[in-house]
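# Report on the structure
Each chain, letter by letter, is given below.
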There are 2 protein chains.
Amino acid sequence: MDRPADDLNARARIRDAAMKLFTERGIEGASIRDIAAEAGVSSGLVRHHFGSKQALREACDHYAKERMLQIGEELVFQGGAAHTNVTTMHPIMLPLQTYLIRSMMDGSETATALFLEMVDAGEEFTKTLGTAPSDRRAYAAVLAAMKMGVFVLRDQVSKAIGEDIASPSGYARLTQAALDIFTIPMLTPEQLEQLRKYSEEH
Amino acid sequence: MDRPADDLNARARIRDAAMKLFTERGIEGASIRDIAAEAGVSSGLVRHHFGSKQALREACDHYAKERMLQIGEELVFQGGAAHTNVTTMHPIMLPLQTYLIRSMMDGSETATALFLEMVDAGEEFTKTLGTAPSDRRAYAAVLAAMKMGVFVLRDQVSKAIGEDIASPSGYARLTQAALDIFTIPMLTPEQLEQLRKYSEEH
DNA sequence: CGCTTGACTATACGATCGTGTAGTAGTTTG
DNA sequence: CAAACTACTACACGATCGTATAGTCAAGCG
């Protein structure tokens, strides 16, 4: 059961269409008429259900955030906190994440709030790490941004690896690559020392 | 010397204003009239110099790409390939990167081409690593996307750590955090094994 | 039955969009 | 000096935007 039961009515279809087009074309780039057409309804019905474009957007924000938290809880229940915090990549989340980033870039408070909650959770997670980063807050913030960033550039990453990252095969490569990045030290201690010296000089 | 010499004329001011507003509001969200006002010229002059909004955008794409490559070369010359490939974060690049990502998300071929070049360079870099990732291509693609992602969510990361990541202090925390993420293994070998088993089951 | 209510469509409104055209001031060029 | 060119502004055009209004249709209910 992927969605709530009574979620196939016109209101839900409009919301889904809005999230799709907002993601693909940006908030300003997706018109209410286009969204209505995508949902198979008149543009007047969009206004009837949501009042304004801004209100429609906020409804999408709240829905996406709720679904993200809901799916996140399910994943922690299934796979444990370590798995969830390290990868936090699940195919179901993909459209939600891409939408939320688009909305965040255009100044959504709801989406930004969700991001900050993710940073909070990530900061807690750092306490379970063997070697602690010196700046937990910055570590968690950058990590969260990096994980989201992969999905911002979904099309570009897909093009780079030659297959859609939403496909089972592409997603597997994506997950493994992220795991490699997060678990294999990128520099030898010597390189790290050299880099540290360089930083001090500049 | 930060910029070419004759770069203060109206044409350059329009281009800079366009990059600023495209970044802040998205391509569709920034009108030619707004861009002209930001540059302190008439909207007709924008058309005179660039012909159309699409052509203006492509001019911005090319300029941003050129500057990125130029700055990248300077950084390699100054600090060496290891430093450049691991962090690839320089304050000067920030506005260029944020613009290019915006443009990439709205389907810019030039920006996508630059991303693919970054992936190519990153893939070469993986050959200098001690422990090789199994899938170099995916590794480089995900790494490039992650590094870009931090700048997509610039405002959100800044909010999370309590200071602007463009400030010297915030930028230093950002760089150190990225370095920690890339050099400190996030999981113990035991956790990694557990995660591997979990993945096989699902 | 008549009446209300909610889902839905059709159509019209100002505003703003990208674009096109005409024209001016200043410099260059033959 | 006149012609040509360049940088620039002013203004008008259709199209499309978000929004508003009026009306249709079916279901529920006294």
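Since the model is a prediction, treat every value here as computed from it, not as a measurement.

Criteria and thresholds
- Numbers given for residues are sequential positions, taken from 1 along each chain in its written order.
- Just so you know, chain letters begin at A and ligand numbers begin at 1, following the order they were written in.
- Predicted model: local features are reported for residues with pLDDT of at least 70 only, side-chain atom pairs are reported and counted for 80 or more only, and whole-chain, interface and lining totals are derived from all residues.
- Think of the side-chain values as coming from all heavy atoms in the structure, minus any hydrogens and water.
- Here a residue is considered near a molecule or strand provided that any single heavy atom belonging to it is located within 4 Å of it.
- By the criterion applied in these results, polar contacts are pairs of N or O atoms within 3.5 Å in which, for protein atoms, one can donate a hydrogen and the other can accept it, and in which residues neighboring in sequence qualify only through two side-chain atoms.
- Only DSSP runs of H or I reaching four residues or more are called helices, and only runs of E reaching two or more are called strands; each is numbered from the N terminus.
- Polar here means any residue other than Ala, Val, Leu, Ile, Met, Phe, Trp, Tyr, Cys and Pro, which are nonpolar, and Asp, Glu, Lys and Arg, which are charged; Gly is therefore polar.
- Whether two residues are in contact is decided by their heavy atoms: any pair within 4.5 Å suffices.
- Put simply, buried area is how much 1.4 Å-probe accessible surface two parts lose in total, over both of them, once they are put together.
- Salt bridge, as used here, is a side-chain nitrogen of Lys or Arg placed within 4 Å of a carboxyl oxygen of Asp or Glu.
- A 1.4 Å probe that fits but cannot get out identifies a cavity on a 1 Å grid over protein atoms alone, an open set with protein on both sides within 12 Å along at least five of seven lines counts as a pocket, and a residue lines either if it has an atom within 4 Å of a point.
- Grid points are joined across faces, edges and corners, and a volume is the space filled by probe spheres set on the points.
- Planes of paired rings set the category: under 30 degrees apart is stacked, over 60 is edge-to-face and the rest tilted, where pairs are Phe, Tyr or Trp rings (Trp by its six-membered ring) whose centres lie within 6.5 Å.
- We call a charge positioned over a ring when the NZ of a Lys or the CZ of an Arg lies within 6 Å of the ring centre and within 35 degrees of the ring normal.
- In this analysis, axes come from line fits to C-alpha atoms, helices being fitted only over the stretch in contact, and the angle between any two N-to-C directions falls in the range 0 to 180 degrees.
- Angle categories are assigned with fixed cut-offs, so that under 35 degrees is roughly parallel, over 145 is roughly antiparallel, 65 to 115 is roughly perpendicular, and the rest are oblique.
- Handedness of a helix crossing follows the sense of rotation of the near helix relative to the far helix, less than a right angle counterclockwise being left-handed and clockwise being right-handed.
- What sets the superposition is a least-squares fit of C-alpha atoms, and only residues with pLDDT of at least 70 in both copies go into it.
- Only protein chains enter the accessibility calculation, which uses a 1.4 Å probe; a residue whose area is less than 20% of its type maximum is buried, one above 50% is exposed, and one in between is partly exposed.
- None of His or the chain ends enter the tally, which takes Lys and Arg as positive and Asp and Glu as negative.

Right, let's talk about the protein's contact with DNA strand C for a bit. In the vicinity of DNA strand C, 15 residues are found, and the nearest of them are A:Ser42, B:Ile32, B:Arg33, B:Arg47 and B:Lys53. Close to the protein, within 4 Å, the atoms of DNA strand C belong to sugar or phosphate groups at a rate of 58%. Residue A:His49 places a side-chain N or O atom 3.0 Å away from a phosphate oxygen belonging to DNA strand C. For DNA strand C, a base nitrogen lies 2.8 Å from a polar atom in the side chain of B:Arg33. Sorting the residues of the surface near DNA strand C by element identifies α3 (43–50) of chain A together with α2 (32–39) of chain B as the ones contributing at least two each. Among the elements that line the surface near DNA strand C, the one with the most residues is α3(A), at four residues. When the residues that make up the surface near DNA strand C are grouped by side-chain class, the tally is five nonpolar, six polar and four charged.

If you look at the interface, chain A gives 61 residues, while chain B gives 61 residues. Summing both partners gives a buried area of about 5,800 Å² for chain A against chain B, and 74% of it is carried by carbon and sulfur. Seen at the junction of chain A and chain B, the total is four salt bridges. With a closest N to O distance of 2.6 Å, B:Arg173 and A:Asp135 form a salt bridge. Of the residues assigned to the side of chain A that touches chain B, the class counts are 39 nonpolar, twelve polar and ten charged.

What follows concerns empty space enclosed by the protein. Applying the stated rule across the entire model yields one cavity of 30 Å³ or more. In this structure, the largest cavity spans a volume of roughly 50 Å³. Together, 14 residues line the largest cavity, and A:Arg25, A:Gly26, B:Gly26, B:Ile27 and B:Glu28 are the ones closest to its centre. Within the lining of the largest cavity, the residues separate by chemical class into two nonpolar, four polar and eight charged.

Let's shift gears to the packing of aromatic side chains. Each aromatic ring pair is summarised here by two numbers: the centre-to-centre distance and the angle between the ring planes. Per the counting criterion, the structure on display carries zero aromatic pairs over all chains. Sitting over the face of the ring of A:Tyr63, A:Arg15 holds its NZ or CZ atom 3.6 Å from the ring centroid.

Moving on, we get to the protein's contact with DNA strand D. As a structural note, the neighbourhood of DNA strand D is formed by 15 residues, with A:Ile32, A:Arg33, A:Arg47, A:Lys53 and B:Ser42 the closest of them. The share of sugar and phosphate among atoms of DNA strand D within 4 Å of the protein is 57%. At a separation of 2.7 Å, a phosphate oxygen of DNA strand D approaches a polar side-chain atom of A:Lys53. Counting residues per element, the ones that place at least two in the surface near DNA strand D are α2 (32–39) of chain A together with α3 (43–50) of chain B. Among the elements that take part in the surface near DNA strand D, α3(B) stands out by supplying four residues, more than any other. In terms of residue class, the surface near DNA strand D is built from five nonpolar, six polar and four charged.

All names here are of chain B. At their nearest, the axes of helix α1 (residues 10–25) and α2 sit 8 Å apart, and the two run at 125° to each other. Considered as vectors, α1 and α2 are oriented oblique to each other. In this structure, α1 crosses over α2, and the sense of that crossing is right-handed. Here Arg 13, Ile 14, Ala 17, Ala 18, Lys 20, Leu 21, Phe 22 and Arg 25 of α1 lie close against α2, whose contacting residues are Asp 34, Ile 35, Glu 38 and Ala 39.

This next bit is on the environment of B:Arg137. Within the secondary structure, B:Arg137 sits in helix α8 (residues 136–152). C-alpha of B:Arg137 to C-alpha of B:Glu193: the two residues are 56 residues apart in sequence and 24 Å apart in space. Look past the residues within four positions of B:Arg137 in its chain and what remains in contact with it is A:Ala160, A:Ile161, A:Arg173, B:Val119, B:Asp120 and B:Glu123. A distance of 2.7 Å separates polar atoms of two side chains, one belonging to B:Arg137 and the other to B:Glu123.

Superposition of chain A onto chain B requires a rotation of 180° combined with a translation of 0.0 Å along the rotation axis, giving an RMSD of 0.1 Å. With respect to symmetry, the two chain copies, as superposed, fit the operation of a two-fold axis. Every residue of chain A has its C-alpha some distance from the rotation axis, and the shortest such distance is that of A:Gly149, at 1.8 Å.

Here the focus is the side chain of B:Arg57. All names here are of chain B. Mapped onto the elements of the fold, Arg 57 is located in helix α4 (residues 53–79). No salt bridge is formed by the buried Arg 57; the nearest opposite charge belongs to Asp 61, separated by 4.4 Å. If sequence neighbours within four positions are ignored, Arg 57 has contacts with Phe 22, Ile 27, Tyr 99, Ser 103, Asp 106, Gly 107 and Ser 108.

Residue and element names in this part refer to chain A. Counted under the stated rule, the structure contains 23 salt bridges over all chains. We note a salt bridge from Asp 16 to Arg 15, for which the minimum N-O separation is 2.9 Å. By relative accessible area, which is 11% here, Arg 15 ends up buried. Across the pair Asp 164 and Arg 154 runs a salt bridge, and its minimum N-O distance is 3.6 Å. Remark: Arg 154 occurs in helix α9 (residues 154–161) and Asp 164 occurs in the loop between α9 and α10 (168–183); sequence separation between them is ten residues. According to the relative accessible area criterion, Asp 164 is partly exposed, its value standing at 36%.

All names here are of chain A. Where helix α1 (residues 10–25) contacts α3, the axes come no closer than 10 Å and their chain directions differ by 100°. Classified by the angle their axes make, α1 and α3 are roughly perpendicular. Counted together, Ala 10, Arg 11, Ile 14 and Arg 15 of α1 and Leu 45, Val 46, His 49 and Phe 50 of α3 form the full contact between these two elements. For the contact of α1 with α3, a count of residues per class yields five nonpolar, one polar and two charged.

Remember, this is a structural readout, not a statement about activity or role.
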